[in-house]
Amino acid sequence: MLFRKNDKNTTVSDGKFLARARKNDRLAAWLINTGGFLVILSVTSILVLIMKVAIPLFLSPEATVVSTIKPGGSAPTGEIKGMGVDDELRTGFLLDASGTVTFFDRRTGREIHKITITPPGGGSPTIASASDSGGGRFDILWDDGSFTAMKVSFRSQETGGSDQPAIPAVETMLEEKGTGGGPRPLLSVARFADENSPLRVDLLPGNRFSLSKTTATSDLAGNETVRKVRTPFGDEVPGNVTAVALDTEGEYLYAGTDTGRLLRYDLTDPEAPRLLDSVEANTNGHAVTAVNLVLGDNSVAVADADGSLSTWFPVSETGLGSGKTLTRIHSLARHDGAVTVILPASRSKTIYSLDKAGVVSADHMTSERRLLEMRTAKPLVRFAVSGGDNGAIALDADGNITFWHIDNPHPEVSLKTLFAPVWYESYDKPAYVWQSSAASDDFEPKLSLTPLIFGTLKGTVYAMIFAVPLALLGAIYTSQFMGARLKKYVKPAIEIMAAIPSVVIGFLAGLWLAPLLDKAIVSFFLAFAVIPLCVMLSILIWRRIGSLPRLKRVAPGCEFLLLVPALLIGVYVSHALGGILEASLFAGDLKLWLFNTTGVRSDQRNSIIIAFALGLAVIPLIFTIAEDALSNVPKNLSAASLAIGASRWQTAWRVVLPSALPGIFSAIMIGFGRAVGETMIVLMATGNTPILDWSIFNGFRSLSANIAVEIPEAPVFGTLYRILFLSAVLLFVFTFIINTAAEVLRQKFRKKYGRF
Amino acid sequence: MGSFRKQGEPQVWGTAAALSITLLMVLTLLGVVMVNGLGFFWPSDTSLVTLKDGSRLLGEITSTEKATENHGKRIQFKVGNRDIYGQDFRWVDASEIRSTAYPDDAVTLERKERGNFYGFLKSLSLDRLRIPAGGTTWDDFLAARKSVDASRAKLRKSEKRMADLNSNAERLRLKVLKLSSADPVGNRAAIDSLNAKREKLLAEFNARLERLNDESAELNSHTAIFTDASGEEKEIPLTEIVRSYRPNTMGVFAKARFYAGKIRELLLDEPRESNTEGGLFPAIFGTVMMVLLMSVFSLPFGVVAAVYLREYAREGILVRLVRIAVNNLAGVPSIVYGVFGLGFFVYGIGSGIDQLFYPERLPTPTFGTGGILWASLTLALLTVPVVIVSTEEGLASVPKGLREGSLSLGATKFQTLTKVVIPMATPGIMTGLILAMARAAGEVAPLMIVGVVKLAPSLPIDGHFPFFHMDRKFMHLGFHIYDVGFQSPNVEAAKPMVFVTTLLLLAIVIAASSTAIHIRNKMKQKYTTKAF
């Protein structure tokens, strides 16, 4: 039949045909070999590909020098008081002591533009101090005591395409003449939280501060009244103030002293500033050399003469009511020398700091990672960071200017932030928290995978506690004691159960079982006592009547059917008793009683529901594999056991079960693997709250459900996106290990009995 | 008694109890789905209840439970009329009810929006609508509805034509975009002619839109006035009414006809009211198409891999490792496949395709976002191990003698494979395919990431060029369950619909997998020689 075509032809074409067949064969062999190999390759490359997305999380950030220039010709005269760079890293600027801002091209060093700030008091004073308030804002104190707050901005050109450099501009935000009387301040800082009422803080000689706030109000007629408050404060400063920082709202002032103390003032009431904290910044009395706020204004970064860098925020003291004390939270990597400047990044909780040795370092507050170090041949003396967190500009001792492009996409991630407890802002102690996003941009992402891994394990463990006994005992019964006729129906029934989509189980668990169990929680616990009791009673009854001649042949092989009435009665009795018991013992509401007496909060969608639902999903899997293993134990073993007089239970328990043990372990492991990765059931039947709590009355959030919940909102290639890929890698690796172990066990088992 | 215990009979009964519990749980699950799913469409009588305080309510009894405060019963009514009462359901203590009646003229309306209306027909306001004279108000109402429905069907045709026009215009727009992004000067003439064509299409579209608006405004002016249980009047345009019936006058046969009509609507119509009412057609279509598309990818690859493993690869450490890997992949969580599909297909290949072939549409992604193609590929990957394992089993069950017979007759390996081995292993392959399809139909988690949406504006296949739109997002029965059951604002009102969807999905999956299991068991009986 195979060669029908051949029969009709002459022997001449025979050879041709065979040649073609052989050619086809070789071609097919090649195709199938490569095809098969490709399938295997592509399927196994899944892990590689998802890992590829996750790995950049752990790569070190990079700072690459894009250009080094020496401004020629019209180089700024005098001492440089400030500098900056635009977001595209095209234009840099320098502010010199005469108040001239010089803009120059990054590539050529050519001067593009020059703007001179006019001092409010007239004349030609020089700048006494200029402090970088971030975002191109500089607060300039002239040596005649007058003050200018200005902002450098870059406006992109509307015509000419995106290649054109932005047009620089300088905007003056506040001008104040010197007061005449009194000493000239050492340093002045202004804040514009409210457009109409700028706030200015001066550091005066003699370690005193002065706060002035101008409030402009206009009445109905449009008449403006300007009220100016000026309050001196700071009598209690211990030592000399060496560093000052003010938050963006102008509410809290931080100061460091040469005796190593860190002070925090509350300026919310401009007429009565209060000293809130005065703490020791370090134990050995090193002078505080630089202080600045970290993005979000919750934490303050503090550096001292010793080169140590740390961040602090107020934490409520336990047992002292609502009082909060400034506390050292994160100790970052040390510098070799005293730190002179600290600048915060504007998009993340990264802190840039420059030390005496002339090295700029970037550290991330939450992850405590030293992200990168920027240095040049000559020590750096001054630096600034771009508004987009993508670059930096620095000036060295020789007057060379260097531009860096900074690639720092995932500074907040480290093994520590993913798995260890982290002390997050406004928390009272280090904790494992998963909270990936919030409304504001300056939010500190909390990306601990620990609660998710915990949740995964919690759900799996409870499900296994429920599923393993039922599945294994059921498998033992089906393989060893059940009649062949019934087995033909029961086995496929359980296999079909394996096909029930998890979304169906999840839906029923979440919307049908959860409200039902919520009302009958006492009955549920009661059922653990009542149902075994009913089963035992029913066994006793069958023991009595089973010996009757007519019923003698009924029981063996279909005990499970005879027990159904007992189970139904058990369910009914526990339901009836549960209501009565709840009314009499727990004042009609167990949940309320639990909360009042033990403080255990209970959710409607809790771990009991998950145990049921997830258990139901893994039972058929465990059952099928275990049943196969038990059935495949050679019949001659059990036959021999029965022949020497062992009972059917003894044979099953002592002979068959030990032989099938590897297969049964493999069944449990595969069930475990399935439960770990199950998504829909967990998503639908728990509250998805990422908490660390073993209580069966709460829900949890698992790794898989977390991926399903968060990935639609995660920006592509952002930190969250990559972390979700990392959780997928974890799931993959975890199930891979478990399944491989199970598979190896199963292969061993097959080898032992020579077939499968 | 002693020997009974010693022989371990109680333990045997204990294992039996475990099995019974498992089976009972499955039966309960199926039972709950069946009862809730099948019962939903049966029209229940509308009861007019007069309470002790004199107020009246009209609605269907949906459930009864024990009241917590006193020892009486609490009855839940579905009172509908969401636009008047604010909510669909109302609980009433049985002790508060003075009397219950089942008036014949109680009308139930299914509306396009805002759920059911329960009330009584009062009068009609039908200007310029010609209906056969005479008869009761109810007869007139029915006749008017018929005529309105007929006009509406005509309007729908016009709407369809407009959709065609719109899609043609859109295609022209994209063409213009493509041409002008490639070479705006050189293609000037082509661009201008395309633009002119597009203008013409848009003009026709606008003309039709105006006409359509006029006509539908006229249709909407035909209204009926109903009163609710408390006598409050409500004017409802006939076009708003999907179905109207008087359940208390219906006999069993009328109800059965009604039931059949509802099933027809379920299977063939579009969903309404954010998926909580109406039909499931797009979801069924999406599920079926996704599964078929998945089979196209997963079957050949799975079979080739299995043939390679079983027939071509030399047994050794590599094949053993590969087999472990395949078995393992069957156990990898489905969400991981979803993540892979997102990272590799959607953002990897999809973005690449967009940059190569659809640069003019960027930044709006075409293939660089979830869609039916990527969903099918992801699920194909997920189900390949199922096909491989099952095909291998099928290949293994072909007796060695047959292969050797064929080879000894001079057939090549490939001929033996295609003419002898594969035909005999077909049941195994079929089993694998069906199991894979059942798995794919029920899988939701990966789909949520790579292309399923709650409401797709259009099907992946339609009459517009190029007919198969592989980049489109689609609806899926399983996701429908999750979405309607857990994300809709009115879960209580949506629940029955979810049960119906669940029943449908469960029926499909169970039918598929029982067929597969049946085929496999047949195959096993045919080829395995019993060792003992």
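Residues numbered from 1 in each chain as written. Chains lettered and ligands numbered in written order. Predicted model: local features only at pLDDT ≥ 70, side-chain atom pairs only at ≥ 80, totals over all residues. Heavy atoms only, no water.

As for the overall build of chain A
Here comes step 1: Scanning chain A from N- to C-terminus turns up 16 helices and 30 strands.
Here comes step 2: Computed over the C-alpha atoms, the radius of gyration of chain A is 38 Å, more than 25% above the 27 Å expected from 2.2 N^0.38 for a compact globule of 756 residues.
Here comes step 3: Principal axes of the C-alpha set define a box for chain A whose edges measure 120 × 100 × 60 Å.
Here comes step 4: In chain A, which comprises 756 residues, the share counted as buried stands at 52%.
Here comes step 5: If you take every contact in chain A between residues at least 6 apart in sequence, the share linking residues at least 24 apart comes to 58%.
Here comes step 6: Counting only carbon and sulfur atoms, one obtains 58% of the accessible surface of chain A, whose full area is about 33900 Å². (Helix = DSSP H or I, 4+ residues; strand = E, 2+ residues; numbered from the N terminus. Rg over C-alpha atoms; globule rule 2.2 N^0.38 Å. Buried < 20%, exposed > 50% of the residue type's maximum accessible area, 1.4 Å probe, protein only. Contact = heavy atoms within 4.5 Å. Areas by Shrake-Rupley, 256 points an atom, 1.4 Å probe, with all protein chains shown as cover.)

Re the interface of chain B and chain A
Here comes step 1: Counting from both sides, the interface comprises 93 residues of chain B and, opposite them, 100 residues of chain A.
Here comes step 2: In this assembly, chain B packs against chain A so that about 8400 Å² is buried in total across both faces, 81% of it on carbon and sulfur atoms.
Here comes step 3: There are two salt bridges connecting chain B and chain A.
Here comes step 4: Our count for the chain B to chain A interface comes out at seven residue pairs in polar contact (both at pLDDT 80 or more).
Here comes step 5: Sort the elements by how many residues they give to the side of chain B that touches chain A and helix α2 (residues 9–39) of chain B lands first, with 21 residues.
Here comes step 6: Here the side of chain B that touches chain A is built from residues that sort into 62 nonpolar, 22 polar and nine charged. (Buried area = accessible area lost by both parts, 1.4 Å probe. Salt bridge = Lys/Arg side-chain N within 4 Å of Asp/Glu carboxyl O. Polar contact = N/O pair within 3.5 Å; in protein donor to acceptor, adjacent residues only side chain to side chain. Nonpolar A, V, L, I, M, F, W, Y, C, P; charged D, E, K, R; others polar.)

Describing the pairing of strand β6 (residues 106–111) of chain B
Residues and elements named next belong to chain B.
Here comes step 1: In terms of burial, β6 is a largely internal element, six of the six residues being buried.
Here comes step 2: Across five bridges, the pairing between β6 and strand β7 (residues 116–125) is antiparallel. Within β7, the residue paired with A106 across the bridge is F120.
Here comes step 3: Hairpin connection between β6 and β7: a loop of four residues separates the two successive antiparallel strands, and R114 in this loop has a positive phi of roughly 65°.
Here comes step 4: Examined bridge by bridge, β6 and strand β10 (residues 241–245) share four bridges and lie antiparallel to one another. Its bridge partner being in β10, R111 is matched across the sheet by I241. (Pairing = 2+ DSSP bridges.)

As for the sheet that holds strand β9 (residues 233–237) of chain B
Residues and elements named next belong to chain B.
Here comes step 1: Pairing within the open sheet is antiparallel, and its five strands lie in the order β9-β8-β7-β6-β10. Edge positions in the open sheet fall to β9 and β10, since each of these has one partner strand only. Each strand of the sheet is rotated relative to its neighbour by a mean of 45°, with strand direction disregarded.
Here comes step 2: Each of β6, β7, β8 (223–227) and β10 is contacted by helix α4 (residues 137–182), which is oriented at about 155° to β10, the strand it contacts most.
Here comes step 3: Against the sheet, helix α6 (residues 252–268) engages β6 and β10, with an angle of about 165° to β10. (Axes fitted to C-alpha atoms, helices over the stretch in contact; angles between N-to-C directions.)

Thoughts on unusual backbone geometry
Here comes step 1: Residue A:E368 is not a glycine yet carries a positive backbone phi of 55°.
Here comes step 2: In this fold, A:E368 is placed in the loop between β24 (360–364) and β25 (370–374).

Observations concerning the packing of aromatic side chains
Centre distance and the angle of the planes are the two values used to describe a pair of aromatic rings.
Here comes step 1: Using the criterion set out here, one finds 42 aromatic pairs over all chains in the structure.
Here comes step 2: Aromatic pair A:F524 and A:F525: ring centres 5.2 Å apart, planes at 70°, arrangement edge-to-face.
Here comes step 3: Stacked on the ring of B:W91, the Lys or Arg B:R74 has its end atom at 4.2 Å from the ring centre.
Here comes step 4: Looking at B:R243, its charged tip hangs above the ring of B:F258, at a distance of 5.7 Å from the centre. (Phe/Tyr/Trp six-rings, centres within 6.5 Å; stacked < 30°, edge-to-face > 60°. Lys NZ or Arg CZ within 6 Å of the ring centre and 35° of its normal.)

A few points about the environment of A:E176
Residue and element names in this part refer to chain A.
Here comes step 1: When you line up the elements, E176 lands in strand β9 (residues 167–176).
Here comes step 2: Separated by 69 residues in sequence, E176 and R107 have C-alpha atoms that sit 37 Å apart.
Here comes step 3: Setting aside residues no more than four positions away along its own chain, E176 makes contact with P120, S146, F147, R200, T214 and K228.
Here comes step 4: Separated by 2.6 Å, the side chains of E176 and R200 make a polar contact.

With respect to the domain arrangement of chain A
Residue and element names in this part refer to chain A.
Here comes step 1: Assigned domains of chain A: these are domain 1 (58–184 + 380–408), domain 2 (191–375) and domain 3 (450–753).
Here comes step 2: The centre of domain 1, based on its C-alpha atoms, is set 23 Å off from the matching centre of domain 2.
Here comes step 3: Every contact between the two is made by 34 residues of domain 1 and, on the other side, 26 residues of domain 2.
Here comes step 4: The contact between domain 1 and domain 2 buries some 2300 Å² in all, and 61% of this surface belongs to carbon and sulfur atoms.
Here comes step 5: In terms of surface lost to domain 2, no three residues of domain 1 exceed L380, F383 and D389, which account for 27% of the buried area on that side.
Here comes step 6: Across the domain 1-domain 2 interface, the total number found is two salt bridges. (Domains from an automatic or database assignment.)

A few points about the side chain of A:S695
Residues and elements named next belong to chain A.
Here comes step 1: Within the secondary structure, S695 is located in the loop between α14 (680–685) and α15 (703–710).
Here comes step 2: At 3.0 Å, the side chain of S695 and the backbone nitrogen of F697 are in polar contact.
Here comes step 3: Once you skip the residues sitting within four places of it in the chain, S695 turns out to touch K458, Y462, V600 and S607.

Regarding a negative patch on the surface
Residue and element names in this part refer to chain B.
Here comes step 1: A grouping of E210, D214, E215 and E218 is seen on the molecular surface, where their side chains present a negatively charged patch.
Here comes step 2: Structurally, the position occupied by E210 is in helix α5 (residues 188–220).
Here comes step 3: Under the relative-accessibility criterion, E210 is labelled exposed at 56%. (Patch = residues over 30% accessible without salt bridge, like charges linked within 9 Å, V, L, I, M, F, W, Y side chains within 5 Å. Lys, Arg positive; Asp, Glu negative; His and termini not counted. Charge placed at Lys NZ, Arg CZ, Asp CG, Glu CD.)

A look at the nonpolar core
Here comes step 1: In this structure, A:I50, A:V503, A:F507, A:M680, A:I707, B:L19 and B:Y482 are the most contacted members of the largest nonpolar core, which totals 181 residues.
Here comes step 2: Ranked by residues supplied to this core, first place goes to helix α11 (residues 607–631) of chain A with 15 residues.
Here comes step 3: With residues up to four places along the chain from it excluded, the contact list for A:I50 reads A:F725, A:A728, A:V729, A:F732, B:V336, B:V339 and B:F340.
Here comes step 4: Among the nonpolar cores identified, the runner-up in size contains 27 residues, and B:V107, B:A144, B:L155 and B:L165 belong to it. (Core = buried A, V, L, I, M, F, W, Y, C linked by side-chain atoms within 4.5 Å.)

Considering the packing of α4(B) against α5(B)
Residues and elements named next belong to chain B.
Here comes step 1: Across the interface, α4 lies against α5 with an axial gap of 9 Å and an inter-helix angle of 160°. Classed by the angle they form, the pair α4 and α5 counts as roughly antiparallel. Along this stretch, α4 crosses α5, giving a crossing that reads as left-handed. (Parallel < 35°, antiparallel > 145°, perpendicular 65-115°, else oblique. Left-handed = near helix turned anticlockwise from the far one by under 90°.)

Details of helix α4 (residues 450–481) of chain A
Residues and elements named next belong to chain A.
Here comes step 1: Between its first and last C-alpha atoms α4 spans 45 Å; for 32 residues at 1.5 Å apiece the expected length is 46 Å, and the two agree.
Here comes step 2: In α4, a bend of some 30° at A467 exceeds every other bend along the element, and P469, a proline, comes one to four places later.
Here comes step 3: Judged by how many residues are buried, α4 sits mostly within the fold: 24 of 32 residues are covered. (Expected span 1.5 Å × (residues − 1). Bend = angle between axes of the 7 residues up to and from the residue.)

Quick word on the environment of B:L293
Residues and elements named next belong to chain B.
Here comes step 1: For L293, the location among the structural elements is in helix α7 (residues 281–312).
Here comes step 2: By relative accessible area, which is 14% here, L293 ends up buried.
Here comes step 3: A sequence separation of 80 residues divides L293 from L373, and the C-alpha atoms of the two residues are 7.7 Å apart.

Some words on the environment of A:E62
Residues and elements named next belong to chain A.
Here comes step 1: Locating E62 in the fold gives a position in strand β1 (residues 62–69).
Here comes step 2: For E62 and D407, which are 345 residues apart along the polypeptide, the C-alpha to C-alpha distance reads 5.2 Å.
Here comes step 3: When sequence neighbours within four positions are dropped, the list of residues in contact with E62 reads L372, H405, I406 and D407.

What to know about the confidence of the model for chain B
Here comes step 1: Per-residue confidence for chain B gives a mean pLDDT of 84, with 96% of residues at or over 70.
Here comes step 2: Predicted complex, confidence summary: ipTM 0.88, pTM 0.87. (pLDDT = per-residue confidence, 0-100.)

Focus on the pattern of salt bridges
Here comes step 1: One pass over the full model with this rule turns up 45 salt bridges over all chains.
Here comes step 2: In this structure, A:D202 engages A:R230 in a salt bridge whose closest nitrogen and oxygen atoms are separated by 3.8 Å. Placement of A:D202 in strand β11 (residues 199–204) and of A:R230 in strand β13 (residues 224–233) is noted, with a sequence separation of 28 residues between them.
Here comes step 3: By relative accessible area, which is 0% here, A:D202 ends up buried.
Here comes step 4: Between A:E373 and A:R370 there is a salt bridge, with the nearest N and O atoms lying 2.7 Å from each other.
Here comes step 5: The network of salt bridges with shared partners includes B:E110, B:R243, B:K262, B:E265, B:R272 and B:E277.

Regarding the sheet that holds strand β21 (residues 324–332) of chain A
All names here are of chain A.
Here comes step 1: Strand order in this open sheet of four strands is β18-β19-β20-β21, and the pairing throughout is antiparallel. The open sheet has two free edges, formed respectively by β18 (288–293) and β21, since each of these has just one partner strand. Going across the sheet, the axis of each strand differs from the next one's by a mean of 30°, ignoring polarity.
Here comes step 2: Note: β18 against strand β19 (residues 300–304), five bridges, orientation antiparallel. When the sheet's bridge partners are listed, N292 is paired in β19 with A301.

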